[in-house]
Amino acid sequence: MAQVLVIGASRGVGLAVVRRALGEGHDVRALARSADKIDIDDPRLEKVSGDALSAREVRAALEGIDAVIQTLGVTARPDTIVAGTKVFSKATRLLVEAMEAVGVARLIALTGFGTGDSRNQGGCLWDLGFNLFLGRIYDDKNVQEHLIRHSSLAWTIARPVILTDGPARSTYRVIVDPRDWRGGFIARGDVAEFLVEQVTSERYLRQAPVLIG
């Protein structure tokens, strides 16, 4: 089993990853500004209240870690829809530099369908709505992926379609071939399952598959 650092661990996919990783027998260090509010009591869980935008705190959280799962997210408020964000690129630049400095190689990162070469691959109506509401936010995810791809790390990038709170079904598809990419839905629990599996797998090493439920 591995010692896993989960960044962005207090809600959404990040919280689902914490639960899944513990269930798989890993030791988990959960880094989030509200880590103390994580409602999980497990002796293999270390809750670290910290900021993914703090180089000092990120580097300290990497001590003794075998793999990092980065699950950053932002709320699509009117201001972020219009002005975008720099959270993903800033946090990823700090993380990549820290991991390379301390010798932690394995990074599993969550971005989304619509990032990088998966942009405008969902169909006409999907792409229209995506670019209208999420385009500026995903511009920064493009930078995030660029930083990861051009690092020396052993990375895997996961690009899920629209996330839901439905139950995990473990019947999701992992699609590497762009010809098969399309829009859809996937449960956060299924995304968490995929992310945690990559801790001990090299099947999707240096690949960025799309996840569809």
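Attention in this report is confined to the structure presented alongside it. (Residues numbered from 1 in each chain as written. Predicted model: local features only at pLDDT ≥ 70, side-chain atom pairs only at ≥ 80, totals over all residues. Heavy atoms only, no water.)

## Considerations on unusual backbone geometry
Just so we agree on the cut-off: Only DSSP runs of H or I reaching four residues or more are called helices, and only runs of E reaching two or more are called strands; each is numbered from the N terminus.
Phi is positive for asparagine 120, which is not a glycine, with a value near 60 degrees. The topology assignment puts asparagine 120 in the loop between strand S5 (106-110) and helix H5 (124-133). If you check the backbone angles, arginine 206 has positive phi at about 55 degrees while not being a glycine. In this structure, arginine 206 sits in the loop between helix H7 (188-197) and strand S10 (210-212).

## Some words on the environment of arginine 159
As a reminder, the rule being used: Within 3.5 Å is the distance limit for a polar contact, defined as a pair of N or O atoms, with the added protein rule that one can donate a hydrogen and the other accept it, and that residues adjacent in sequence qualify only through two side-chain atoms.
With respect to the helices, strands and loops of the structure, arginine 159 is situated in strand S6 (residues 154-160). Arginine 159 sits 16 residues away from isoleucine 175 along the chain, and the two C-alpha atoms are 9.5 Å apart. Polar contacts involving the side chain of arginine 159 include one to the side chain of aspartate 117, which spans 2.8 Å.

## Examining the side chain of arginine 29
As a reminder of what qualifies: Between two residues, a contact is recorded if the distance between any of their heavy atoms is within 4.5 Å.
In this structure, arginine 29 sits in strand S2 (residues 27-32). Engagement of the side chain of arginine 29 in a polar contact is seen with the side chain of glutamate 46, the distance being 2.8 Å. Separated by 2.6 Å, the side chain of arginine 29 and the backbone oxygen of alanine 61 make a polar contact. With sequence-adjacent residues up to four places away left out, arginine 29 is seen in contact with Gln3, Val4, Leu5, Val6, Glu46, Val48, Ala60, Ala61, Leu62, Glu63 and Ile65.

## Re the pairing of strand S1 (residues 3-7)
A regular strand places its side chains so that they alternate between the two faces of the sheet. Using the following cut-off: Relative accessibility under 20% of the residue-type maximum defines a buried residue, over 50% an exposed one, and the middle range a partly exposed one, all with a 1.4 Å probe and only protein chains included. Following DSSP output, two strands are said to pair if at least two bridges run between them. The handedness of a crossover follows from its direction of travel: if, with the strands pointing away from the viewer, the path from the first strand over the helix to the second runs clockwise, the crossover is right-handed.
Of all five residues in S1, five are buried, a share of seventy percent or more. Of the two faces of S1, the one lined by Gln3, Leu5 and Ile7 and the one lined by Val4 and Val6 are each fully buried. By the bridge criterion, five bridges tie S1 to S2 in an arrangement that is parallel. Across the sheet, valine 4 pairs through a bridge with valine 28, a residue of S2. Chirality of the crossover, the property in question, places the unit of S1, helix H1 (residues 12-23) and S2 among those that are right-handed. Both S1 and strand S4 (residues 67-70) contribute to a ladder of four bridges, which runs parallel. By the bridge assignment for S4, leucine 5 is matched with valine 68.

## Side note on the environment of proline 178
Looking at where proline 178 falls in the secondary structure, it is placed in the loop between strand S8 (173-175) and strand S9 (185-187). Note on proline 178: relative accessible area 41%, which makes it partly exposed. Residues proline 178 and glutamine 121, 57 residues apart in the sequence, show an inter-C-alpha distance of 8.1 Å.

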